[in-house]
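Listed below are the residues making up each chain.
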Amino acid sequence: MVGIYSGTERFFYLVAGEKWRFGPVGNTKLLKKVKGHEDMAVAMRSPDQCVLRHLMGFDNNALIPMYSAERAYDEKVLRQFRNDPRELEENIRAMEENIKEATDEGEYDLVDKYKRQLKKLKARQKELKETLEKWTKSDLISPYISRPLNEGNPIKSITHMLRQRSIRVIRALKRNGFEEEAADLNDSYKVGDYSVVFYQSISQFKWILTSDE
């Protein structure tokens, strides 16, 4: 069997409902099952398509608000959306969670990395707040930034949870020696605020989702 594989193929499938087999042919490992494994496998089975409805348990006819489907943003509006203080605040909170989890797991190199990223995010938040205060004379800043995260938006709460699951999977892969695969999935498996997509065109690996060893 080894001779027919190119070296870019990676196994990734559930074993007896308890473990996930992962890795190149002839050098796979059994990984402890975490919820994020199945999320990724679902996305890999339908590459370049949003699988959020599937992961949420809806049927194929269910509709979920998605920016890409609702409208096309011109560049000015897109820049405003990216700079939205609430989006920045969510990224800061997520990074703080990452720091806590990495600290609990004793991954101090990651802690340092996340702290540097958090510092940049907070600097950007301060810069943006000062700019908005200048534009609005502070009349909109406090209620805008202090508005509860994901208020009235259950979809963003769900995608935040799915994003955290993917982070745990990627960390576990690194701990098991799959550095390249972890980096690849970090680039190709994307959980947005309203979408979950695996981009096969970005991945350098061919993912085998059933046993073939």
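Residues numbered from 1 in each chain as written. Predicted model: local features only at pLDDT ≥ 70, side-chain atom pairs only at ≥ 80, totals over all residues. Heavy atoms only, no water.

**Focus on the packing of aromatic side chains**
1) Next: Enumeration according to the criterion identifies seven aromatic pairs in this entry.
2) Next: Ring geometry for Phe11 against Tyr13: centres 6.2 Å apart, planes inclined by 85°, an arrangement best described as edge-to-face.
3) Next: Its relative accessible area of 8% is what places Tyr13 among the buried residues.
4) Next: Ring geometry for Phe22 and Trp207: centres 5.7 Å apart, planes at 50°, overall tilted. Taken together, the residues Phe22 in strand β2 (residues 19-23) and Trp207 in strand β6 (residues 206-208) connect sequence positions 185 residues apart. Comparing Phe22 with Trp207 shows no difference in burial state: the two are buried. (Phe/Tyr/Trp six-rings, centres within 6.5 Å; stacked < 30°, edge-to-face > 60°. Buried < 20%, exposed > 50% of the residue type's maximum accessible area, 1.4 Å probe, protein only. Helix = DSSP H or I, 4+ residues; strand = E, 2+ residues; numbered from the N terminus.)

**As for the nonpolar core**
1) Next: Phe12, Phe22, Leu173, Leu185 and Trp207 are the most contacted members of the largest nonpolar core, which has 27 residues in total.
2) Next: At the level of secondary structure, the elements contributing two or more residues to this core comprise β2, α1 (35-45), α8 (154-175), α9 (179-188), β4 (189-191) and β5 (196-198).
3) Next: When near neighbours in sequence (up to four residues on either side) are disregarded, Trp207 contacts Arg10, Phe12, Phe22, Met44, Glu181, Asp184, Leu185, Phe198 and Gln200.
4) Next: In this structure, Met95, Ile99, Tyr114 and Leu121 belong to the second largest nonpolar core, which totals 10 residues. (Core = buried A, V, L, I, M, F, W, Y, C linked by side-chain atoms within 4.5 Å. Contact = heavy atoms within 4.5 Å.)

**Observations concerning the pattern of salt bridges**
1) Next: By the definition in use, this model includes 12 salt bridges.
2) Next: Across the pair Glu9 and Lys206 runs a salt bridge whose closest N-O atoms are separated by 3.6 Å. With Glu9 in strand β1 (residues 9-15) and Lys206 in strand β6, this pair connects stretches of sequence that are 197 residues apart.
3) Next: In this structure, a network of salt bridges that share partners links the residues Glu101, Arg168 and Arg171. (Salt bridge = Lys/Arg side-chain N within 4 Å of Asp/Glu carboxyl O.)

**Some remarks on the confidence of the model for the chain**
1) Next: Per-residue confidence for the chain gives a mean pLDDT of 76, with 70% of residues at or over 70.
2) Next: Under a pLDDT of 50 for its full length, residues 60-83 has, in the predicted model, 23 contacts with residues more than four places off or in other chains.
3) Next: Throughout residues 135-151 the model reports pLDDT below 50, and contacts reaching past four residues in sequence, or to other chains, amount to 20 contacts. (pLDDT = per-residue confidence, 0-100.)

**A closer look at the packing of α8 against α9**
1) Next: One way to put it is that α8 packs onto α9 with a least axis distance of 7 Å and a crossing angle of 160°. Our classification of the angle between α8 and α9 gives roughly antiparallel. Here the hand of the crossing between α8 and α9 comes out left-handed. Contacts between α8 and α9 involve Ile170, Leu173 and Lys174 from the former and Glu179, Ala182, Leu185 and Asn186 from the latter. (Axes fitted to C-alpha atoms, helices over the stretch in contact; angles between N-to-C directions. Parallel < 35°, antiparallel > 145°, perpendicular 65-115°, else oblique. Left-handed = near helix turned anticlockwise from the far one by under 90°.)

**What about unusual backbone geometry?**
1) Next: Of note in the backbone geometry, Asp48 takes a positive phi value of approximately 65° without being a glycine.
2) Next: Mapping Asp48 onto the fold places it in the loop between α1 and α2 (52-56).
3) Next: On the basis of relative accessible area, Asp48 is assigned to the partly exposed category, the value being 44%.

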